[in-house]
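Structural characterization, general
Residues per chain are reported as follows:
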Amino acid sequence: MTSTPIIAPNSPWQLRYWSIFIGQALSLIGSALTQFVLLWWITDTTGSVGALGTAGLAALLPQAVLGPLGGTFADRYSRRLILVVADVISAACMAVLIVLFLTDSVQLWHLYVMMAIRSAMQAFQQPAAAASTAMLVPGSFLSRAAGLNQSLFGIMTVGAAPLGALAISVMPIGWALSIDVMTALLGILPLFFFAIPQPQVDRGQRRSLWREFKEGVDTVWHDPALRRLYGLLTAAVLVIMPLFTLLPLLVKTHFGGGAPQVALVESLGGAGMIAGGLAMAALAPRRRVRWVLWGFALSCFTLALTAAAPRDMFWLAVCWWVASSVAYVMGNAPFMALLQSTVPNQLQGRVLSLLTTLMGFAAPVGLAIATPLGDVLGARWLFVVLGTVGGLVMLLGFLSPVLRCIDRASAMTSETSSVLDRTDRPA
């Protein structure tokens, strides 16, 4: 796996990168706030588990199904245009809902449709944004950029709920949704001033969308290291993801807590993601595979320890949950940097969207398997068993000679990039 750096270390890339990063960060925070507001309205209006489940499917399934197409588009067409169009369509959906809420015409199915459209736009926006990173920063900054992205998701986790609650407490829900429209426009604005370099593709060699998507699948399948990493991560997500859905049940049945305790755990988990992301941005690890395997393994093991805490030591469970969030980021950030530095940029959209699709389908399958198992074991012991199994799955990666080899190669590549960064920097 090799990828040619696009940005020279001594080029003036900082202003463009930070302008686009901050714009997209504001857009994502606005979207997370809106998601909370809409889910709260559904909860407050219907009180129905089925309605919330349908909303969850509407918010997740289109992105999983359309992910391969979005990745193919990101490699084939202008990534800047894709980001702009996705934000504009998402903002238009919010504008429709604003009118419906302010005229008291909104119905539940309106929300489902608009959430599904926004999810579909995420299928195009996320691979375009992720694949653009390697075109905006030098290779030596990729690990730090990945850490900053993880911190951003932590900020979203911490801030979305309280900001959304504050918005609907001081203004009608229709006007609260207008925040998302404004942040989407702020996300688009830098893209009118800064271009995103696009990998050169010979138009005469373009094939059908299906063949181009298959090329992304083949890139992963025929690369032994990528194939093993994708397999390990898919298996771990299938095992672990149900636990995040069952967290409220664990807090209620084992620790005797309620909604405030669940909110506390989730918010502090977001803070852990911020801390982990900032740590990765500062450390920029070179042996990325080792960090990936240990990071995800420790994240799973600490989930098991969260439930293993005694009933009267809720504070200890919170500490283990925060540790799990930190460890997750310390595995995920190097993984994203590894993909961005080794996969040819003209394939990154498809390779990254394939991962999103695998995760998107693994999560509901895992939940379907874990639900009957939870009825037998109970929430606490389901956490312990699945957390332990997930950690062991990730540690299997250390038995692979291919992954050990790519780890040494990535360390050497990072060292070379760092040396070039220092020698190319003007005096």
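Just so we're clear, the structure is a prediction, and the values are computed from it rather than from any experiment.

Here is what the cut-offs are and how they apply
- In this convention, every chain numbers its residues from 1, walking through the sequence in written order.
- Totals for whole chains, interfaces and linings use every residue, but because this is a predicted model, local features are given only for residues with pLDDT of at least 70 and side-chain atom pairs only at 80 or more, for both listing and counting.
- Heavy atoms from the whole structure form the basis of all side-chain values; hydrogens and water molecules are not counted.
- Numbering of helices and strands starts at the N terminus; helices are DSSP runs of H or I of at least 4 residues and strands are runs of E of at least 2.
- Contacts are residue-level and defined by heavy atoms, with any inter-residue pair within 4.5 Å sufficient.
- To be clear on the numbers: accessible area is Shrake-Rupley with a 1.4 Å probe, and residue cover counts the displayed protein chains and nothing else.
- For every residue, the accessible area obtained with a 1.4 Å probe (protein chains only) is divided by the maximum for its type, and the residue is called buried under 20%, exposed over 50%, and partly exposed between those limits.
- What we call a nonpolar core is a set of buried Ala, Val, Leu, Ile, Met, Phe, Trp, Tyr and Cys residues that are connected through their side-chain atoms within 4.5 Å.
- Here an axis means a line fitted to C-alpha atoms, over the contact stretch when the element is a helix, while the angle between two N-to-C directions is reported on a 0 to 180 degree scale.
- The handedness criterion is simple: a crossing whose near helix is rotated anticlockwise from the far helix by less than a right angle is left-handed, and one whose near helix is rotated clockwise is right-handed.
- Any residue that is not Ala, Val, Leu, Ile, Met, Phe, Trp, Tyr, Cys, Pro, Asp, Glu, Lys or Arg is counted as polar, Gly included; the first ten are nonpolar and the last four charged.
- Salt bridge criterion: a side-chain nitrogen from Lys or Arg within 4 Å of a carboxyl oxygen from Asp or Glu.
- Aromatic contacts are taken between Phe, Tyr and Trp rings whose centres are within 6.5 Å, Trp giving its six-membered ring; a plane angle under 30 degrees counts as stacked, one over 60 as edge-to-face, and the others as tilted.
- Placement of a positive charge over a ring is assigned whenever Lys NZ or Arg CZ falls within 6 Å of the ring centre and within 35 degrees of the normal to the ring plane.
- Residues with no salt bridge and a relative accessible area higher than 30% make up the patches, which join like charges within 9 Å and nonpolar side chains (Val, Leu, Ile, Met, Phe, Trp, Tyr) within 5 Å.
- Each angle is binned into one of four classes, with values under 35 degrees roughly parallel, values over 145 roughly antiparallel, values of 65 to 115 roughly perpendicular, and all other values oblique.
- Given a helix with a known number of residues, its expected span is that number minus one, times 1.5 Å.
- Scored between 0 and 100, pLDDT is the confidence that the predictor attaches to each residue.

**Re the overall build of the protein chain**
- Looking only at helices and strands, one finds 15 helices and zero strands in the protein chain.
- Considering only intrachain contacts with a sequence separation of at least 6, the fraction spanning at least 24 residues in the protein chain is 88%.
- In the form shown here, the protein chain has an accessible surface area of approximately 19,100 Å², with 71% of it arising from carbon and sulfur atoms.

**Focus on the environment of A282**
- Looking at the secondary structure, you find A282 in helix α10 (residues 259-283).
- By relative accessible area, which is 55% here, A282 ends up exposed.

**Things to note about the side chain of S132**
- Inspection of the secondary structure puts S132 in helix α4 (residues 108-136).
- The contact partners of S132, leaving out residues within four places of it in the chain, are R79 and I196.

**Quick notes on the nonpolar core**
- One finds L229, Y230, F335, L339, V351, M394 and L403 to be the most contacted residues of the largest nonpolar core, which totals 36 residues.
- When residues of this core are traced back to their parent elements, those giving at least two are α8 (224-245), α11 (288-308), α12 (314-342), α13 (345-377), α14 (379-395) and α15 (401-424).
- Top contributing element to this core by residue count: α8, with eight residues.
- Listed in part, the 26 residues of the second largest apolar core include A123, A134, M156 and I188.

**Overview of the packing of helix α1 (residues 14-46) against helix α3 (residues 79-102)**
- It is at 12 Å that the axes of α1 and α3 come closest, and there the two elements cross at 35 degrees. Judged by the twist between their axes, the crossing of α1 over α3 is left-handed. Packed against α1, whose contacting residues are Q24, S27, T34, L38 and W41, the element α3 presents L83, D87, M94, L97 and F101 at the interface.
- Within the contact of α1 with α3, the residues separate by chemical class into six nonpolar, three polar and one charged.

**As for the pattern of salt bridges**
- Taken as a whole and judged by the stated rule, the model has three salt bridges.
- Ionic pairing is found between D180 and R118, a salt bridge with its closest N-O pair at 2.7 Å. Here D180 is found in helix α6 (residues 173-188), whereas its partner R118 is found in helix α4, with 62 residues between them in sequence.
- Of the residues examined, R118 reaches a relative accessible area of 9% and is grouped as buried.
- Linking D218 and K214 is a salt bridge whose minimum nitrogen-to-oxygen distance equals 3.2 Å. Of this pair, D218 and K214 both sit in helix α7 (residues 209-221), four residues apart, which is roughly one turn of that helix.
- Overall, the relative accessible area of 26% leaves D218 in the partly exposed class.

**Remarks on the environment of L100**
- Looking at the element boundaries, L100 is found in helix α3.
- Here L100 falls in the buried class, since its relative accessible area comes to 17%.
- Spatially, the C-alpha atom of L100 lies 7.9 Å from that of G174, the residues being 74 residues apart in sequence.

**Considerations on the packing of aromatic side chains**
- For the structure on display, the rule yields eleven aromatic pairs.
- Here W294 and F398 contribute two aromatic rings whose centre-to-centre distance is 5.4 Å and whose plane-to-plane angle is 50 degrees, an arrangement assigned as tilted. Of this pair, W294 sits in helix α11 while F398 sits in the loop between α14 and α15; the two residues are 104 residues apart in sequence, bridging distant segments of the chain.
- F398 gets classed as partly exposed once you look at its relative accessible area, which sits at 27%.
- In textbook terms, an aromatic cluster arises when at least three aromatic residues are bridged by ring pairs, as seen for W13, Y17, W18 and F21.
- For the cation-ring pair, R227 lies above W221, with the distance from its terminal atom to the ring centre recorded as 5.2 Å.
- A cation over a ring is seen here: R380 above W381, with NZ or CZ 5.3 Å from the ring centre.

**Description of a nonpolar patch on the surface**
- On the surface, a nonpolar cluster with roughly 500 Å² of combined accessible area is contributed by L81, V85, I89, W109, V113 and I117.
- With respect to the element layout, L81 can be found in helix α3.
- The class for L81 is exposed, based on a relative accessible area of 53%.

**Re the packing of α1 against α4**
- The contact between α1 and α4 brings their axes to 12 Å, and the two run at 160 degrees. Relative to α4, the element α1 is oriented roughly antiparallel. You can see that α1 and α4 cross each other, and the crossing is left-handed.
- Residues of the contact of α1 with α4, tallied by class, amount to twelve nonpolar, seven polar and two charged.

**Considering the environment of V85**
- Relative to the elements of secondary structure, V85 occurs in helix α3.
- Placed 39 residues apart in sequence, V85 and F124 show a C-alpha to C-alpha distance of 9.4 Å.

**Observations concerning α14**
- For α14, which comprises 17 residues, the first-to-last C-alpha distance of 24 Å matches the rise-based estimate of 24 Å (1.5 Å per residue) to within 8%.
- Buried within α14 are the following residues: A379, L382, F383, V384, L386, G387, G390, G391, V393 and M394.

**Regarding the confidence of the model for the protein chain**
- With 85% of its residues at a pLDDT of 70 or more, the protein chain has an overall mean of 80.
- Across residues 1-6, confidence stays below pLDDT 50; counting only partners more than four residues off in sequence or on other chains, it has 18 contacts.
- Below a pLDDT of 50 lies the segment residues 416-427, which in the model reaches eleven contacts outside its immediate sequence neighbourhood of four places, other chains included.

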